Each structure stands twice: as structure tokens, then as C-alpha cells.
Amino acid sequence: MRGTLLSLVVAVMLLPVYAMLAVASASDATDLGGLGFDAARFGEHLSQLFGQGDFPLYLRNSVILSLGVAVLEVVFSGAAGYALAQLPFPGRRVLFAVVVGTLSLSPIVVLVPMYLVVRQLGWIDSFQGMIVPFAMSAFGVFLVRQFALSLPHELLLSARVDGAGELRIFLRVAVPLLRPALLTLFLLQFLAQWDNLLWPLVVANKPGLWPLPVGLSQLQTEYDFSAGLVGTAALVTAVPPLVLMFVLQRYYVAGLTLGGVKK
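Residues numbered from 1 in each chain as written. Predicted model: local features only at pLDDT ≥ 70, side-chain atom pairs only at ≥ 80, totals over all residues. Heavy atoms only, no water.

Student: What exactly am I supposed to notice about the overall build of the protein here?
Tutor: Summing up its helical and strand segments, the protein has 13 helices and 0 strands in all. Ordered by position from the N terminus, the helices and strands of the protein form the series α-α-α-α-α-α-α-α-α-α-α-α-α. Dimensions of the protein along its principal axes, counting C-alpha atoms only, are 70 × 60 × 30 Å. Burial status across the protein gives 36% buried among its 263 residues. Pairs at least 24 apart in sequence give 77% of the contacts found in the protein among residues at least 6 apart. Taken as a whole, the protein presents about 14,900 Å² of accessible surface, with 69% of it coming from carbon and sulfur. (Helix = DSSP H or I, 4+ residues; strand = E, 2+ residues; numbered from the N terminus. Buried < 20%, exposed > 50% of the residue type's maximum accessible area, 1.4 Å probe, protein only. Contact = heavy atoms within 4.5 Å. Areas by Shrake-Rupley, 256 points an atom, 1.4 Å probe, with all protein chains shown as cover.)

Written as C-alpha cells, this is what we have:
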């Protein structure tokens, strides 16, 4: 009985995936009935997608953007979160309160100031203009800080007694213990930037810099629309996040469940 119920739940959850496959194999915008999957037409759409147009370029840009932001976020937010949790310095509590307070700001509120700063730096139409503003976030600092509170204080103290510097302690002792939180942060930021449409649309005016969300929006216009081609592009776009989520799911669960431990 339990196995039957679980199978039914899984089937219901996979139904949208099958619907995406059906739309991806549709011939045109008016042929969406029956929800049937045509493997031959789906293959044609794949060949058209990668053989014509700029879809491979959009895919490359999304990989650069998502990996760049995720890696920088792990480095800077990881170091800041560890420092706020384990290094005593004046104003630490006030600084953490300010960091947490910025979580209440809507991304739309800071969009214009971010754009003005990027324009003053001359980073419009560049990868650094799309990546650097997201290299560190209040959420990332908060996540790592909450996880770092559970690190064994005695272990860090032993390393200091042995003469290790704070940087070496962080890299050799703290980072391996913070791996679930750091990988969770990496995954969340990768997924967020993979689906980010607004900021690249504002900063990148050159089509050669467009990531997938911006590029996919150009596949459908007022006069030209192919449901099969757009569905195929959306399906291909969903594959890398799914693979990454599957690979890192163990660390993702550990990072979310243990991040609230406080000593």
C-alpha cells in the first residue's frame, strides 16, 4: 500500500516533466493537443537549437555567470560568516545585526543604486558587471555564520595553541567542517543566477553577453513563435540545475538542517 502511494506521488510529480517533453516535441503553437511525445520531432528541435542561432552562446554565458557568482559567494560570504561566528572583534554583534537587517530590502530597491555603481565603474556590458555585485550576500553570510556557530571551539583553540594563524585555521580546519554549508550556498547561488533575468537584462545590452533567461525570451516574438522550439530550450535549460542538485543533494540537506545549531 505504501509503495503504491509513493509511486502515485512520484507519477504526479513527474507529470509536469512529461508535459514539458510533449510541448518540446510539438510542431507549432497550434498543435499542443493530446500531450503526445514525438521523439523524432524533439530531435529535430534539438538539432535546430544547437545548430542555428545563439543558444550555445547563451548556455556558455549562463555557466560563466552562475559559476562566477557561486564561487565568489562561497569565498567571501564563507569568510565573513566564519569571522562573525568565531572571531571576537569590536562591533561584531552590531555588524551582524546590520547584515541581517539588509535581508529585509527588496532586490528591486537596490537595483538602481547597483546599476549606478556599475555604470560609474565602466562595467556595463561586461561579465564583471553581472557577477561582482552578487559576489557576496547577506543571506550567504547569515547561513555560514549560523553553521559556523556549531564548530567545535576546542578544535579551533587547539590549532591556535599549536601556532596556526587565523587564515590557516580557516582554510585547514574550518572550511572542511563548513563544507555542507558552503556547498549549500554554492548550489543556492548557482540556481539563483541560472534563473536570473532582471539584472543581466539591465546590465548586458550586447547579445553576446546574454545568459539563457534573456536569450530564451528572444525565441518568442509577436510575429514568430514555436512552442516546440521554446519548450525544447526550456527543457535543456533545466538539465544542468537538476544534475547539480542531484549531485549535491546530500550536502544541501545537511547544510539546511544543521545551519541553525547554536552553541
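Student: What exactly am I supposed to notice about the packing of aromatic side chains here?
Tutor: How two aromatic rings sit relative to each other is given by the distance of their centres and the angle of their planes. The final tally for this structure, using the stated rule, is 7 aromatic pairs. Ring centres 6.4 Å apart and planes at 35° place the aromatic pair Tyr 58 and Trp 210 in the tilted group. Of this pair, Tyr 58 sits in helix α3 (residues 55–86) while Trp 210 sits in the loop between α11 (198–203) and α12 (212–217), and the two are 152 residues apart along the sequence. Residue classification places Trp 210 among the buried residues on the basis of a relative accessible area of 14%. Site record: aromatic cluster; members linked through ring pairs are Phe 186, Phe 190 and Trp 194. Residue placement shows Arg 145 over the ring face of Phe 96; its charged tip is 3.9 Å from the ring centre. (Phe/Tyr/Trp six-rings, centres within 6.5 Å; stacked < 30°, edge-to-face > 60°. Lys NZ or Arg CZ within 6 Å of the ring centre and 35° of its normal.)

Student: Explain the pattern of salt bridges to me, please; I cannot follow it from the model alone.
Tutor: If the charged atoms of two oppositely charged side chains come close together, the side chains can form a pair. On inspection of all chains with the given rule, the structure shows 1 salt bridge. A salt bridge links Glu 166 to Arg 160; its shortest N-O distance comes to 2.7 Å. Relative accessible area serves as the criterion here: at 33%, Glu 166 is assigned to the partly exposed category. (Salt bridge = Lys/Arg side-chain N within 4 Å of Asp/Glu carboxyl O.)

Student: Looking at this structure, how should I read the packing of α3 against helix α7 (residues 138–148)?
Tutor: Packed helices, taken two at a time, are described by the angle their axes make and the gap between the axes. The interhelical angle for the contact between α3 and α7, taken along N-to-C directions, is 45°, at an axis separation of 7 Å. Between α3 and α7, the angle falls in the class oblique. Here α3 runs over α7; the crossing is right-handed. Seen from α3, the contacting residues are Glu 73, Ser 77, Gly 78, Ala 80, Gly 81, Tyr 82, Leu 84, Ala 85 and Gln 86; seen from α7, they are Gly 140, Val 141, Val 144, Arg 145 and Ala 148. Residues belonging to the contact of α3 with α7 are distributed by class as follows: 7 nonpolar, 5 polar and 2 charged. (Axes fitted to C-alpha atoms, helices over the stretch in contact; angles between N-to-C directions. Parallel < 35°, antiparallel > 145°, perpendicular 65-115°, else oblique. Left-handed = near helix turned anticlockwise from the far one by under 90°. Nonpolar A, V, L, I, M, F, W, Y, C, P; charged D, E, K, R; others polar.)

Student: I tried to follow helix α1 (residues 2–24) on my own but got confused; where do I start?
Tutor: Because each turn of an α-helix spans 3.6 residues, side chains separated by three or four positions in sequence point in the same direction. Here α1 spans 34 Å end to end across 23 residues, near enough to the 33 Å set by a 1.5 Å rise per residue. Within α1, the axis deviates most sharply at Leu 14, by approximately 35°, and proline Pro 16 lies no more than four positions further along. (Expected span 1.5 Å × (residues − 1). Bend = angle between axes of the 7 residues up to and from the residue.)

Student: Sorry if this is basic, but what is going on with the side chain of Asn 196 here?
Tutor: With respect to the helices and strands, the residue Asn 196 is situated in the loop between α10 (179–194) and α11. The class of Asn 196 is buried, set by a relative accessible area of 14%. In terms of polar contacts, Asn 196 uses its side chain to reach the backbone amide nitrogen of Leu 198, at 3.4 Å. Dropping the residues within four chain positions of it, Asn 196 is found in contact with Phe 134 and Pro 213. (Polar contact = N/O pair within 3.5 Å; in protein donor to acceptor, adjacent residues only side chain to side chain.)

Student: Teacher, can you tell me more about unusual backbone geometry here?
Tutor: Trans is the prevailing form of peptide bonds, just as negative phi is the prevailing case for residues other than glycine. Not every positive phi belongs to a glycine, and Asp 125 is a case in point at roughly 60°. Tracing the chain through its elements places Asp 125 in the loop between α5 (111–120) and α6 (127–131). The exposure class assigned to Asp 125 is partly exposed, which follows from its relative accessible area of 23%.

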